[in-house]
Amino acid sequence: MKILTIVGARPQFIKAAVVSRAIKNCMQATGSTIQELIVHTGQHYDQNMSDIFFDEMQIPKPHFQLAVGSGSHAQQTGQMLIRLEEAMLNEKPDMVLIYGDTNSTLAGAMAAAKLHIPIAHVEAGLRSFNHKMPEEINRILADRVSSLLLCPTDEAVKNLATEGIPCPRLGTKVIKTGDVMNDAALFYGKLATNAWLKKHSLNPQKYILATIHRAESTDAPEKLQKLLVTLDLISRKHHPVVWPMHPRTSNMIRNNPELNKTLEQASFIAIDPIGYLDMVCAEKNARLIVTDSGGVQKEAFFHKIPCVTMRTETEWVELVEAGWNKIAGLEPENIISAVETMLALDTKKLPYPDLYGSGKAGENIVKELIKWGKENDK
Ligand code: UD1
Ligand code: UDP
């Protein structure tokens, strides 16, 4: 069976690393043949946003580099569609494998659906119920045209059911596989060292890790200014805040003199984005994580670190219900209050429910792909 995997953005490299490894292991164990060809759309392209993950996580080299780069949603998605259609027409895959909710996900789904190529969607069924988020549009549309909907959580399965998926008339299938990011934390977490801590002269449990990259946090300078001031305050009052800065955020700051001035005077430590292994080290030694990232919210839980989410909602509601994550919104006083609450929390007393599986999501996904191949004579 020939599978075309579409990736383009940082979290997709991490998710694809798990599934590509599982494909390789499954072929060795069972002798089944899956030919996986990876297409990199080029949505993320800086060395520390792309190549570092392929190198560190030993992801097979992409077969196609579409080099689409940055642009408006329409420009980026449109360019991807054109180039993905060509790759799909040339390769004629039996199935297209897409991840998450980025513009690369949507373009992969649209190109494949119009060519009648079945789609498997990893991380299907997540919803924020906020239609202003580009990711929400991407994931709803991708789910709507997918044949195999591979869900990380019970909540994701429930969300799809509410939307009438699976649809018997379309023959679509919904399967709960567990979360591939849990697999990544377990497998690659073992390879992480403490070198990153030493490099920044940090002590375990004595710093707060922050990441911010969502359009709704960064695109309006006044909102970003408030976040910079808030993280500066937290850094002065509690523990130093260390902030690996996504290029969307650093570009925004660089191009705005007022934001730049705040950054220069701030007490937090802003650094360039780091690779996954350093990120694991940064996460598991943090006293607290403050983020607007989807993936980082879960990784906080995987490493048993409390988390404050600087958004008004989350797709990972089970983390909030379990008490490990607090939704703070974007207003400074709410973020500061949530940080203080979570710093005071005794996490040893918190339940640690099994929310994301036992590290076998990759294996479960590959089993489903093989099953689908057999059922469809591929
Ligand atoms: C994208 C995804 C988001 C995901 C995030 C992961 C969409 C709509 N959004 O957001 O769901 O959470 O990736 O990180 O697909 N840039 C660089 N170098 C790079 C990549 C980006 O400088 O290697 C800068 C460019 O100025 C670009 C901006 O970052 O315009 C935003 O990049 P883009 O890929 O459009 O969106 P992300 O914010 O990264
Ligand atoms: N990540 C990383 N280096 C960083 C910041 C994040 O390796 O400097 C990893 C993080 O550990 C997680 C993934 O990138 O696995 C999350 O990606 P991001 O926050 O960009 O996107 P989201 O998950 O919100 O879509």
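Above: the structure in question.
All values derive from a computational prediction rather than experimental measurement.

What counts and how
- Residues numbered from 1 in each chain as written.
- Chains lettered and ligands numbered in written order.
- Predicted model: local features only at pLDDT ≥ 70, side-chain atom pairs only at ≥ 80, totals over all residues.
- Heavy atoms only, no water.
- Buried < 20%, exposed > 50% of the residue type's maximum accessible area, 1.4 Å probe, protein only.
- Helix = DSSP H or I, 4+ residues; strand = E, 2+ residues; numbered from the N terminus.
- Pairing = 2+ DSSP bridges.
- Right-handed = clockwise from strand over helix to strand, strands pointing away.
- Core = buried A, V, L, I, M, F, W, Y, C linked by side-chain atoms within 4.5 Å.
- Contact = heavy atoms within 4.5 Å.
- Salt bridge = Lys/Arg side-chain N within 4 Å of Asp/Glu carboxyl O.
- Near = heavy atom within 4 Å.
- Polar contact = N/O pair within 3.5 Å; in protein donor to acceptor, adjacent residues only side chain to side chain.
- Areas by Shrake-Rupley, 256 points an atom, 1.4 Å probe, with all protein chains shown as cover.
- Nonpolar A, V, L, I, M, F, W, Y, C, P; charged D, E, K, R; others polar.

Colleague: Any chance you could explain the pairing of strand 1 (residues 2-7) here in plain terms?
Modeller: For a regular strand, side chains alternate in direction, first toward one face of the sheet and then toward the other. For strand 1, the tally of buried residues reaches 6 of 6 residues, placing the bulk of the element in the interior. Side chains Lys-2, Leu-4 and Ile-6 project from strand 1 onto one buried face, and the interleaved Ile-3, Thr-5 and Val-7 project onto a second face that is buried too. With 6 bridges joining them, strand 1 and strand 2 (residues 35-40) adopt parallel strand pairing. Each residue of the ladder has a partner; that of Leu-4, found in strand 2, is Leu-37. At this point the chain moves from strand 1, through helix 1 (residues 10-30), to the parallel strand 2, and the crossover so formed is right-handed. Here strand 1 pairs with strand 4 (residues 95-99) via 4 bridges, running parallel. Opposite Ile-6, over in strand 4, you have Ile-98 as the bridge partner.

Colleague: Help me understand the nonpolar core, please; the structure alone is not making it clear to me.
Modeller: The nonpolar side chains of a soluble globular protein tend to be buried with one another. Within the largest apolar cluster, 58 residues are counted, with the highest numbers of intra-cluster contacts made by Val-19, Met-57, Leu-97, Val-180, Tyr-276, Val-366 and Leu-369. Per-element accounting of this core gives the leading share, 9 residues, to helix 1. Sequence-distant contacts of Tyr-276, that is, excluding residues within four places in its chain, are made with Ile-14, Phe-53, Glu-56, Met-57, Met-181, Ala-184, Ala-185, Tyr-188 and Glu-299. Counting 26 residues, the second-largest nonpolar core is a separate cluster that includes Leu-228, Leu-259, Phe-268 and Val-290.

Colleague: Mind showing me how you'd approach the pattern of salt bridges here?
Modeller: Pairing is possible between side chains that carry opposite charge, provided their charged atoms lie close to one another. All told, the structure shown has 22 salt bridges when counted by the stated rule. Note that Lys-298 is salt-bridged to Asp-179, the shortest N-O span being 2.7 Å. Of the two residues, Lys-298 sits in helix 14 (residues 294-302) while Asp-179 sits in the loop between strand 7 (173-176) and helix 7 (180-189), which places them 119 residues apart along the sequence. Its relative accessible area of 0% is what places Lys-298 among the buried residues.

Colleague: I keep staring at the site of ligand 2 and nothing clicks. Help me out?
Modeller: Among the 19 residues in the neighbourhood of ligand 2, the closest are listed as Arg-214, Ile-274, Ser-293, Gly-295 and Glu-299. The separation between an oxygen atom of ligand 2 and a polar side-chain atom of Ser-293 is 2.7 Å. Coverage of ligand 2 by the protein chains reaches 95% of its 530 Å² of free accessible surface. Counting residues per element, the ones that place at least two in the shell around ligand 2 are helix 1, helix 13 (276-284) and helix 14. Looking at which element gives the most residues to the shell around ligand 2, the answer is helix 14, with 4 residues. Its residues assigned to classes, the shell around ligand 2 comprises 10 nonpolar, 5 polar and 4 charged.

Colleague: Sorry if this is basic, but what is going on with the side chain of Thr-314 here?
Modeller: Relative to the helices and strands, Thr-314 resides in the loop between strand 12 (307-309) and helix 15 (317-321). In this structure Thr-314 comes out as buried when scored by relative accessible area, which is 7%. Here Gln-297 takes part through its side chain, which lies 2.7 Å from a polar atom of the side chain of Thr-314. There is a polar contact of 3.0 Å between the side chain of Thr-314 and the backbone nitrogen of Trp-316. When sequence neighbours within four positions are dropped, the list of residues in contact with Thr-314 reads Arg-127, Gln-297, Val-320 and Ile-327.

Colleague: Looking at this structure, how should I read the site of ligand 1?
Modeller: Lining the immediate environment of ligand 1, one finds 20 residues, of which Gln-43, His-44, Asn-103, Glu-135 and Arg-248 sit closest. Within the contact set of ligand 1, an oxygen atom lies 2.9 Å away from a backbone nitrogen or oxygen of Tyr-45. Note that an oxygen atom of ligand 1 is positioned 2.8 Å from one of the side-chain N or O atoms of His-213. Contact with the protein chains covers 89% of the free accessible surface of ligand 1, which is 750 Å². At the level of elements, helix 3 (73-91) and helix 11 (247-254) are the ones that each hand at least two residues to the shell around ligand 1. If one sorts the elements of the shell around ligand 1 by residue count, helix 11 sits on top with 3 residues. Residue composition of the shell around ligand 1, grouped by class: 5 nonpolar, 10 polar and 5 charged.

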